[in-house]
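Residue-level structure breakdown
Each chain is listed here by its residues.
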Amino acid sequence: MRKAEILRKRAELERLEESRQKAANRIREISHDIHRLEQIRNRKRIFRAGKILERAGLLESFNPDELYAVLMENRERISAMGEEEVPYAMEG
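Residues numbered from 1 in each chain as written. Predicted model: local features only at pLDDT ≥ 70, side-chain atom pairs only at ≥ 80, totals over all residues. Heavy atoms only, no water.

Looking now at the overall build of the chain. Secondary structure summary: the chain contains three helices and zero strands in total. Helices and strands appear in the chain in the N-to-C order α-α-α. Taking all 92 residues of the chain together, the buried fraction comes to 4%. Summed over its atoms, the accessible surface of the chain is roughly 8900 Å², and 56% of this surface lies on carbon and sulfur atoms. (Helix = DSSP H or I, 4+ residues; strand = E, 2+ residues; numbered from the N terminus. Buried < 20%, exposed > 50% of the residue type's maximum accessible area, 1.4 Å probe, protein only. Areas by Shrake-Rupley, 256 points an atom, 1.4 Å probe, with all protein chains shown as cover.)

Here's what the structure looks like:
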């Protein structure tokens, strides 16, 4: 009886280990997908910011340090603006 119980427990342990390994692999896949999607979202935001600079006529002429300073000085005001208040937000 004990031998049969030991064999049953070993089989259950193998099934659980296999299940754990599948779950670990799935966690890695999902984590990778999340990271990739976050990178895509960030690239889209950067692209959108570049389009805004282009529309403002600054793409070729802006000084990055000066633009950064202006944005930081106005960060709270810019962040508080709703999309209806931002001219470029409504355009395609």
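Going through the model one piece at a time under the given rule, you end up with five salt bridges. Notably, a salt bridge pairs E17 with R20, separated by 2.6 Å at the nearest N-O pair. Taken as a pair, E17 and R20 lie in helix α1 (residues 2–55) at a separation of three residues, close to a single helical turn. Notably, a salt bridge pairs E54 with K51, separated by 3.2 Å at the nearest N-O pair. One end of the pair, E54, and the other, K51, are both in helix α1, three residues apart, so they sit about a helical turn from each other. (Salt bridge = Lys/Arg side-chain N within 4 Å of Asp/Glu carboxyl O.)

Glancing now at the confidence of the model for the chain. Interpretation of this model should avoid reading the predicted coordinates in detail wherever pLDDT is low. Model confidence for the chain is summarised by a mean pLDDT of 90, while 89% of its residues fall at 70 or above. Mean pLDDT values over the elements of the chain span from 88, in helix α3 (residues 75–80), up to 96, in α1. (pLDDT = per-residue confidence, 0-100.)

With that settled, the discussion passes to α1. The end-to-end C-alpha distance of α1, which contains 54 residues, comes to 78 Å, matching closely the 80 Å that a straight helix rising 1.5 Å per residue would cover. Immediately downstream of α1, the backbone of G57 shows phi near 75°, a positive value. (Expected span 1.5 Å × (residues − 1).)

Of all 10 residues making up helix α2 (residues 64–73), only zero are buried, and the element is barely covered by its neighbours. Of the residues that open α2, the one with a side-chain oxygen 2.8 Å from the backbone nitrogen of D65 is N63. (Polar contact = N/O pair within 3.5 Å; in protein donor to acceptor, adjacent residues only side chain to side chain.)

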